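Chains, contacts and geometry: an overview
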Amino acid sequence: MVFAMDMKKLKQDSYRLIRRDGLSDICAGLMLAMAAVFFFNFRYAGALIVACSMQTIILPLCRKNITYPRVGYAKFPARADKKTMIFWDFAVPLIAIALIVSIGIWARWLLPVSLGLLLAGLSLAGARITGYLRDFVIVGLFITSGFAGLLFIWNGKDPALVTAYQLWILSVILVTVGLVQLICFLNKYPKPPQEIINE
Amino acid sequence: MNDERMENQNLQPLAEIDRVIHEPARLLILAYLSVVESADFLFLMNQTNLTRGNLSSHLSKLETAGYVEIKKEFVDKIPRTLLRLSEKGRIAFHEYRRNMKQVLDSLSE
């Protein structure tokens, strides 16, 4: 058993244990719901800031109070080097926002597809780490939603409104999937006695 | 005579196997610690399926050998024990893997 130990699988198992809580899906769903508000009415740009805070503030806070006391805490190695980190944490979101805004101005009909592909790209990275089929299905769902939105636009619907509905539908799916996972997680991992947490 | 010497050379890594790491539970602990930067006791308990006492005793042995660093800290007034693989432990773990691979490769079918 020991010599068949696959280090890649061990790493994947460690990621999976933390991701099993469904909280990242719930937060991603709420983030999309907030972003949808912005597309529904561009005056609500503040919704985008709330949306961004979901992953950076709300998710770690929830993990600290729900996940870590049940399955423990693990810190994963930081990404390879500083340049890669700057690229993923700053350049990619900036390029994505600039791309979406320019698409929104010059070719609004492309909004649902570009957003769908962008979300698919971002979630594909997570899906490849966990290897969960469910995560790959969600990637497929993002892409499908983009092209479905395109069909509505060809039928004369407003692109921004179609994008808002696209994000709302995706958010409902993500929150539902996340809630089911969270309930299963809470049932499977009850809070252990304090002395084990404090060990 | 020559064959015997060659066989002895092939099995040389067997003598260099680190007995502290060779125990399956400790090997599993080190393997999990090698894929994370640091982890707490509960995380390792969940991943390795070891009991509290068992994990505790294996961790003490690994700490005594200098392979694992145990750091106690307070997060929001709650004590938390963070475990991480020391540099010595990382080197020993890689060496162990290399030696075991050599030994297993040298064993004929």
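Computed from a predicted model, the values in this text were never measured in an experiment.

Conventions used here
- Residues numbered from 1 in each chain as written.
- Chains lettered and ligands numbered in written order.
- Predicted model: local features only at pLDDT ≥ 70, side-chain atom pairs only at ≥ 80, totals over all residues.
- Heavy atoms only, no water.
- Helix = DSSP H or I, 4+ residues; strand = E, 2+ residues; numbered from the N terminus.
- Contact = heavy atoms within 4.5 Å.
- Pairing = 2+ DSSP bridges.
- Axes fitted to C-alpha atoms, helices over the stretch in contact; angles between N-to-C directions.
- Expected span 1.5 Å × (residues − 1).
- Buried < 20%, exposed > 50% of the residue type's maximum accessible area, 1.4 Å probe, protein only.
- Buried area = accessible area lost by both parts, 1.4 Å probe.
- Salt bridge = Lys/Arg side-chain N within 4 Å of Asp/Glu carboxyl O.
- Polar contact = N/O pair within 3.5 Å; in protein donor to acceptor, adjacent residues only side chain to side chain.
- Phe/Tyr/Trp six-rings, centres within 6.5 Å; stacked < 30°, edge-to-face > 60°.
- pLDDT = per-residue confidence, 0-100.
- Disulfide = S-S within 2.5 Å.

1. Examining the overall build of chain B
What chain B contains, in helices and strands, is seven helices and three strands. In sequence order, the secondary structure elements of chain B are arranged as α-α-α-α-β-α-α-β-β-α. Within chain B, contacts between residues separated by at least 24 positions form 55% of all contacts whose residues are at least 6 apart in sequence.

2. Here we look at the sheet that holds strand β2 (residues 68–75) of chain B
Reading across the sheet, the four strands line up as β1(A)-β1(B)-β3(B)-β2(B) and stay open at both edges, with antiparallel pairing between neighbours. Here the strands that pair on one side only, and so sit at the sheet edges, are β1 (74–75) of chain A together with β2 of chain B. Two strands pair when backbone bridges link them, and strand β1 (residues 38–40) of chain B and strand β3 (residues 78–85) of chain B are joined in this way by two bridges, in the antiparallel orientation. Bridge assignment links A39 of chain B to a residue of β3 of chain B, and that residue is L83 of chain B. Across the sheet, helix α5 (residues 41–48) of chain B is in contact with β1 of chain A together with β1 and β3 of chain B; its angle to β1 of chain B comes to roughly 85°.

3. Considerations on the pairing of β2 of chain B
Residue and element names in this part refer to chain B. Sheet topology note: the β2/β3 ladder contains eight bridges and is antiparallel. Among the inter-strand pairings, F74 is bridged to a residue of β3, identified as P79. Here β2 hands over to β3 after two residues, with D76 in that stretch at a positive phi of 50°.

4. What to know about helix α1 (residues 7–19) of chain A
Between its terminal C-alpha atoms α1 of chain A stretches 18 Å, which fits the 18 Å expected from 13 residues at 1.5 Å a residue. Looking at α1 of chain A, one finds that the buried residues are M7, L10, S14, L17, I18 and R19 of chain A.

5. Re the interface of chain A and chain B
Contact with chain A, which involves 30 residues of that partner, is made by 33 residues of chain B. Note on chain A versus chain B: buried area summed over both sides is about 2,600 Å², and carbon and sulfur give 64% of it. Where chain A packs against chain B, one counts one salt bridge. Between K75 of chain A and E37 of chain B there is a salt bridge, with the nearest N and O atoms lying 3.3 Å from each other. If you look at where chain A meets chain B, you find five residue pairs in polar contact (both at pLDDT 80 or more).

6. Description of the packing of aromatic side chains
Residue and element names in this part refer to chain A. This model, assessed by the stated rule, comprises six aromatic pairs over all chains. Ring geometry for Y15 against F76: centres 4.2 Å apart, planes inclined by 10°, an arrangement best described as stacked. Of this pair, Y15 sits in helix α1 while F76 sits in the loop between β1 and α4 (82–106), and the two are 61 residues apart along the sequence. Taking the relative accessible area as the measure of exposure, F76 reaches 17% and is therefore buried. With a centroid separation of 5.0 Å and an interplanar angle of 90°, the aromatic rings of Y68 and Y73 are classed as edge-to-face.

7. Quick word on the confidence of the model for chain A
Summarising the model, chain A shows a mean pLDDT of 81, and 80% of its residues fall at 70 or more. Across chain A, the element-wise mean pLDDT spans from 63 in α4 of chain A up to 93 in helix α7 (residues 159–188) of chain A.

8. Details of the side chain of S14 of chain A
Its place among the elements puts S14 of chain A in helix α1. Sequence-distant contacts of S14 of chain A, defined by excluding residues within four places in its chain, comprise F76 of chain A together with Y32, V35, V36, F43 and Q47 of chain B.

9. Comments concerning the state of the cysteines
All names here are of chain A. Following the criterion strictly, the structure yields zero disulfides over all chains and no others. With no disulfide partner, C27 has as its closest neighbouring cysteine sulfur the one in C62, 5.1 Å distant. For C27, a relative accessible area of 3% translates into the label buried. On the accessibility criterion, C62 (22% relative accessible area) is partly exposed.

10. Some thoughts on the pattern of salt bridges
Pairing is possible between side chains that carry opposite charge, provided their charged atoms lie close to one another. Residue and element names in this part refer to chain A. Tallied over the full model, the rule gives seven salt bridges over all chains. Between R134 and D135 there is a salt bridge; the shortest N-O distance is 3.3 Å. Here D135 falls in the buried class, since its relative accessible area comes to 5%. Taken together, the shared-partner salt bridges connect R19, R134 and D135 into one network.

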